[in-house]
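Okay, here's what each chain looks like letter by letter:
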Number of protein chains: 2
Amino acid sequence: MPAIETIISPALFHLYEEGLEQKNVVVIDILRATTTICVAFANGAREILPVAKPEEAAAMQQMGWIAAAERMGETVSGFDLGNSPQDYTRERVAGQKIALTTTNGTRALQMCSTAKHVWAGSFLNLQTLCDRLLTENNDLLLFCAGWKDKFNLEDTLFAGAVALVLRDRFTITDDATLAAMDLYEKARTALPEYLQKASHDIRFNSLHIESDLEACLKINTLNVLPEFKNGTIQNGQHA
Amino acid sequence: MPAIETIISPALFHLYEEGLEQKNVVVIDILRATTTICVAFANGAREILPVAKPEEAAAMQQMGWIAAAERMGETVSGFDLGNSPQDYTRERVAGQKIALTTTNGTRALQMCSTAKHVWAGSFLNLQTLCDRLLTENNDLLLFCAGWKDKFNLEDTLFAGAVALVLRDRFTITDDATLAAMDLYEKARTALPEYLQKASHDIRFNSLHIESDLEACLKINTLNVLPEFKNGTIQNGQHA
């Protein structure tokens, strides 16, 4: 059976790179990049180009793209959108191409670009993502974008949620994945409350994302499967 | 109140280095370096010098030190001792000075040598360690030695055990520490069984440390407090 490993920080990614082109990767940035990407496709976005710097997004804006840039939780001044899923309404994004740069998530996508498949995972498309993963026979990396290279609970919890769905079809002997599964089993019945106790005061408040927290923790509300391929993200699933 | 943060891998240590000289650090390598260090002092060792390479331990052997070297779980050929706590008997180590090199633990000790205090923690000296930590007013880093820079369960569980003892006297808003506490609460009533399910097959078996596992998970059996200071480790607690 193929194996699952969980990368709890981008700073550990190099430990898992061997044979990357034969592995599938799920990039996880629950608060908020990969959640926002799922919402954008659900509301009809055509394509999302992850870029490293706000200037790159701004350059795309000249060519008719929507430019979205977030740093430290805030929309960068002069950009059309930030990183809040609630801003990616059908009115704003249907039929549009979006150039997006965020603090943690877009960087993680670029780090694993040579993998066999790279998907964006969020609680919103958990089942759609897992349905596809269950058809795959390659080793799987659950890649948590983390917070400035530190461990964070919300990404790890999602890795645990995926592993729990897949565990009968994959070998799981990786300590990080086992820990993630146990943490998700503890948290699953009250995810928002569990995360409120986390780095709430120092991180969530400073990011002004309290109102996004609930939106980012809805489970199985969207039938989308964003795939990062040839440098850009498209929706591989159409309802 | 001072704060606790948990470093789940040496590869993340650089994220916590700012102000290190004002922080206390507990180095955690449950399987097996910090456990073995505790056992050695309990059995009368005078001093333990952590060295990076087997050649350095061999050089100390010429000067009457016991030379201990472990790589990949095995005693390095030609050395007096490896890294199994069961080998550090009173007969072998009482009154002796020991030069020790291990895969993960001694490296972690050296990384944090400029901290205010650096102690070695294990389940065996949990309460003695926490009694001392409760008298300190500096921020605390729980530094897991990990396994080749990857997350491991046993070190993280011990970090959770320490944080649970200290939580009324320290601020804990760090996600890694919160996760460690929840994992320890789940595992505490059956630690050996919990760790058997972990990377058992691929890591414990290959290290031939099954017989050490039980010895490394005894709780509060030793009244020792190994402190790393001026490049060497001495016992700061005498029963």
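Higher on the page you've got the structure.
Figured I'd write up the structure that's included with this text. These numbers were taken from a predicted model, which means no experiment stands behind them.

## Some thoughts on the packing of aromatic side chains
Residues and elements named next belong to chain A. Enumeration according to the criterion identifies 6 aromatic pairs over all chains in this entry. Pairing Phe13 with Phe143 gives two aromatic rings, centres 4.8 Å apart and planes at 20°, and the pair type is stacked. Of this pair, Phe13 sits in the loop between strand S1 (4-7) and strand S2 (24-28) while Phe143 sits in strand S8 (residues 140-144), placing them 130 residues apart in sequence. The exposure class assigned to Phe13 is buried, which follows from its relative accessible area of 2%. Relative to Phe158, the ring of Phe123 lies with its centre 5.1 Å away and its plane at 85°, an arrangement referred to as edge-to-face. Of the two residues, Phe123 sits in the loop between strand S7 (117-121) and helix H5 (126-133) while Phe158 sits in helix H6 (residues 153-166), which places them 35 residues apart along the sequence.

## So, the relation of the copies chain B and chain A
Expressed as a screw operation, the relation of chain B to chain A combines 0.0 Å of axial shift with a rotation of 180°, fitting to an RMSD of 0.0 Å. Here the symmetry operator amounts to a two-fold rotation axis. A share of 100% of the interface residues of chain B reappears at the interface of chain A, consistent with the copies meeting face to face through the same patch.

## Quick notes on the interface of chain B and chain A
Taken together, the contact pairs 28 residues of chain B with 28 residues of chain A. Of the roughly 2,300 Å² buried at the junction of chain B and chain A (both faces included), carbon and sulfur atoms supply 62%. Of all residues in chain B, Lys150, Asp175 and Asp182 of chain B bury the most surface against chain A, accounting for 26% of the area lost on that side. Here chain B and chain A share 4 salt bridges between them. Among the ionic pairs, Lys186 of chain B bridges to Asp182 of chain A, the shortest N-O distance being 3.9 Å. Joining chain B to chain A, the criterion identifies 6 residue pairs in polar contact (both at pLDDT 80 or more). Broken down by secondary-structure element, the contributors of at least two residues to the side of chain B that touches chain A are helix H6 (153-166), helix H7 (175-187) and helix H9 (200-207) of chain B. Taken together, the residues of the side of chain B that touches chain A sort by class into 14 nonpolar, 4 polar and 10 charged.

Analysis parameters
Residues numbered from 1 in each chain as written. Chains lettered and ligands numbered in written order. Predicted model: local features only at pLDDT ≥ 70, side-chain atom pairs only at ≥ 80, totals over all residues. Heavy atoms only, no water. Phe/Tyr/Trp six-rings, centres within 6.5 Å; stacked < 30°, edge-to-face > 60°. Helix = DSSP H or I, 4+ residues; strand = E, 2+ residues; numbered from the N terminus. Buried < 20%, exposed > 50% of the residue type's maximum accessible area, 1.4 Å probe, protein only. Least-squares fit on C-alpha atoms with pLDDT ≥ 70 in both. Contact = heavy atoms within 4.5 Å. Buried area = accessible area lost by both parts, 1.4 Å probe. Salt bridge = Lys/Arg side-chain N within 4 Å of Asp/Glu carboxyl O. Polar contact = N/O pair within 3.5 Å; in protein donor to acceptor, adjacent residues only side chain to side chain. Nonpolar A, V, L, I, M, F, W, Y, C, P; charged D, E, K, R; others polar.

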